[in-house]
Amino acid sequence: MKRLLIRSLMQSVFVVGLLLSSIATASNFPTEEPMGGEPFGHSVKNIGDGLYVFRWWVYRNIFMVTDEGVIVTDPINPKAANLLLGEIRKITDKPVKYVVYSHNHHDHISGGMVFKDKGATFIAHKNVLKELGDHPSPATPLPDITFEDEYTVQLGGRTLELKYFGPNHGESLVVMRLPKEKILFIVDIVTPRRVAFRTMPDFWPDEWIRSLKEIEQMDFDYIISGHGPTNQPAIDPGTVVAEQRIYLEDLMAAVKAEFDKGTHSPDKLRQIVKLPKYKDWRSYNEYLPMNIERIWAYYHMGW
Ligand SMILES: [Zn+2]
């Protein structure tokens, strides 16, 4: 009887052990569950240990809550930043210690004063100082800490690695990596399952492709994108980085092929070039002709 009990106990331990190991090896992050919320509102998703994705309209950032304070990325704009602070206050009363800018563009970072007023330290690539000097925005505090190639933010046992890949979208964009979860937070240069944004403002097509190839070599399993509407997941498998690069390569090759046949009119190229492989990607009909015009400029002007 006693032996039987021990045996069944052993079996239960084995089953529990199996369960635990399958939980540990299975995907820890929901990669299909939509971000949710009202399309023109905001939403928050907790996707791991103190790790959150915040969405305002089609803009997103991540924030990390630790015992020693909070790390916030891209404060978006004053309205979004106030909503973000409200959401952080529902989770913790610890101070926001650091705000990290992904790049210099005002549409992603002009809510910084909300956190500056409460004493946060701002971190960005050094070129953000120059860009914000050339194009100042009163709602956007200048970074307190800048760096050239890499920087590591550490707080309350959390690590956020920042890495610069040179010009690609502007000249100050950094990719953020969470080493524990093997997640990258990437703004503007990877937007899953969507063609490139309009006429690709401040994007350098060849440098963009080069940067994505280098990013693909990093150690990561998941990405969180700086853009995505309510029906898109908060987090995606890392394969979307290569998908974005291949889209750009296909776009450039298709425009180049027509260009080499003698079609040099951007208006004609917009009508002729199609990429049916991507017809189900978001904004295909609306943005593809604009993407084509940008690539026309690349081949026509070398820019
Ligand atoms: Zn941008």
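Just so we're clear, the structure is a prediction, and the values are computed from it rather than from any experiment. Each chain carries its own residue numbering, running from 1 in the written order of its sequence. Owing to the predicted nature of the model, reporting of local features is limited to residues with pLDDT of at least 70; listing and counting of side-chain atom pairs is limited to 80 or more, with chain, interface and lining totals taken over all residues. Side-chain numbers come from the whole structure's heavy atoms, not from hydrogens or water.

K.L.:
Explain the overall build of the chain here, please?
P.N.:
Looking only at helices and strands, the chain features 9 helices and 13 strands. Counting only C-alpha atoms, the chain reaches 90 × 50 × 35 Å along its principal axes. Exposed residues in this analysis have more than 50% of their type's maximum accessible area, buried residues have under 20%, and partly exposed residues fall in between, with area computed by a 1.4 Å probe over protein chains only. Residues classed as buried in the chain amount to 51% of the 303 residues present. The contact rule is simple, with two residues in contact once any of their heavy atoms fall within 4.5 Å. Considering only residue pairs separated by 6 or more positions, the chain has 63% of its internal contacts joining residues 24 or more positions apart. By the counting rule applied here, Lys and Arg register as positive and Asp and Glu as negative, while His and the ends of each chain are not counted. To locate a charge, take NZ of a lysine, CZ of an arginine, CG of an aspartate or CD of a glutamate. Across the chain, 35 positive and 38 negative side-chain charges occur, with their mean positions spaced 6 Å apart. Working definition: helices are DSSP H or I runs of at least four residues, strands are E runs of at least two. Numbering for both runs from the N terminus.

K.L.:
Looking at this structure, I do not really get the pattern of salt bridges. What am I missing?
P.N.:
Salt bridges are defined by distance alone: a side-chain nitrogen of Lys or Arg within 4 Å of a carboxyl oxygen of Asp or Glu. Per the stated rule, a full pass over the model turns up 21 salt bridges. Here E87 makes a salt bridge to K90, at a shortest N to O gap of 3.0 Å. With E87 and K90 both in helix α2 (residues 78-91), this residue pair falls 3 residues apart, about one helical turn. Residue classification places E87 among the buried residues on the basis of a relative accessible area of 14%. A salt bridge links D219 to K182; the nearest nitrogen and oxygen atoms lie 3.2 Å apart. With D219 in the loop between α6 (205-216) and β12 (222-225) and K182 in the loop between β10 (174-178) and β11 (183-186), this residue pair connects regions lying 37 residues apart in the sequence. Of the residues examined, K182 reaches a relative accessible area of 29% and is grouped as partly exposed. Taken together, the shared-partner salt bridges in this structure form one network comprising K213, E216, R245 and E249.

K.L.:
Help me out: how do you make sense of the coordination of the zinc ion in this one?
P.N.:
Put simply, a metal with four donors set out as a tetrahedron has ideal angles of 109.5 degrees, and one with six donors set out as an octahedron has ideal angles of 90 or 180 degrees. The coordination sphere of the zinc ion, as far as protein atoms go, consists of H103 (NE2), H105 (ND1), H169 (NE2) and D188 (OD), spread over 2.1 to 2.2 Å. The rule for donors is simple: an N, O or S atom within 2.8 Å of the metal counts, and for Na, K and Ca the reach is 3.2 Å. Water is not among the atoms, so a site may look short of donors. Geometry assignment treats four donors as tetrahedral when all angles are between 85 and 135 degrees, treats four as square planar and six as octahedral when opposite donors are over 155 degrees apart and all others between 65 and 115, and treats everything else as irregular. Classification of the site at the zinc ion rests on its 4 donor atoms, whose angles at the metal span 86 to 170°, yielding the label irregular.

K.L.:
Looking at this structure, how should I read the environment of G228?
P.N.:
Checked against the element boundaries, G228 lands in the loop between β12 and β13 (236-237). The class for G228 is buried, based on a relative accessible area of 1%. Spatially, the C-alpha atoms of G228 and N168 are 20 Å apart, while their sequence positions differ by 60 residues.

K.L.:
Sorry if this is basic, but what is going on with unusual backbone geometry here?
P.N.:
Even without being a glycine, W57 presents a positive backbone phi close to 55°. Structurally, W57 can be placed in the loop between β2 (51-56) and β3 (59-66). Positive phi values are uncommon outside glycine, yet K182 reaches one of about 55°.

K.L.:
Explain the packing of aromatic side chains here, please?
P.N.:
The geometry of two aromatic rings is summed up by the distance between their centres and the angle between their planes. Planes of paired rings set the category: under 30 degrees apart is stacked, over 60 is edge-to-face and the rest tilted, where pairs are Phe, Tyr or Trp rings (Trp by its six-membered ring) whose centres lie within 6.5 Å. Enumeration according to the criterion identifies 14 aromatic pairs in this entry. Consider the rings of F29 and Y222, whose centres lie 4.9 Å apart with planes at 75°: the pair is edge-to-face. With a gap of 193 residues between them, F29 in the loop between α1 (2-25) and β1 (42-48) and Y222 in strand β12 connect regions that are remote in the sequence. A centroid spacing of 4.9 Å and a plane angle of 85° characterise the contact between Y247 and Y278, whose relative ring orientation is edge-to-face. Here the residue Y247 occupies a position in helix α7 (residues 240-260), and Y278 occupies one in the loop between α8 (266-272) and α9 (284-301), the gap between them amounting to 31 residues. For the pair formed by Y247 and Y278, the shared burial category is buried. Following the ring pairs from residue to residue traces out a cluster consisting of W56, W57 and Y59. Cation over ring: K256 sits above Y299, and NZ or CZ is 5.9 Å from the ring centre. The cationic tip of R294 hangs over the ring face of W303; the distance from NZ or CZ to the ring centre is 3.8 Å. We call a charge positioned over a ring when the NZ of a Lys or the CZ of an Arg lies within 6 Å of the ring centre and within 35 degrees of the ring normal.

K.L.:
Mind showing me how you'd approach the nonpolar core here?
P.N.:
A general tendency of soluble globular proteins is for nonpolar side chains to be buried together. The biggest cluster of nonpolar side chains holds 41 residues, and the ones touching the most others in it are I215, Y247 and L251. Only β11, α6, α7 and α9 provide two or more residues apiece to this core. Apart from the residues within four sequence positions on either side, Y247 is in contact with V195, A196, L275, Y278, W281, L288 and N291. Put simply, buried Ala, Val, Leu, Ile, Met, Phe, Trp, Tyr and Cys residues joined by side-chain atoms within 4.5 Å make one nonpolar core. M35, I62, V153 and L155 belong to the second-largest nonpolar core, a separate cluster that totals 26 residues.

K.L.:
I tried to follow α2 on my own but got confused; where do I start?
P.N.:
It helps to recall that an α-helix has 3.6 residues per turn; residues three or four apart then point in one direction. Helix span, expected: 1.5 Å multiplied by one less than the number of residues in the helix. Across its 14 residues, α2 extends 20 Å between first and last C-alpha, which sits within 8% of the 20 Å expected from 1.5 Å per residue. Where α2 begins, one side-chain oxygen reaches toward the backbone nitrogen of K79, 3.2 Å away; that side chain belongs to N77. Polar contact is the term for a pair of N or O atoms within 3.5 Å; when the atoms are in protein, one must be able to donate a hydrogen and the other to accept it, and sequence-neighboring residues count only if both atoms are side-chain atoms.

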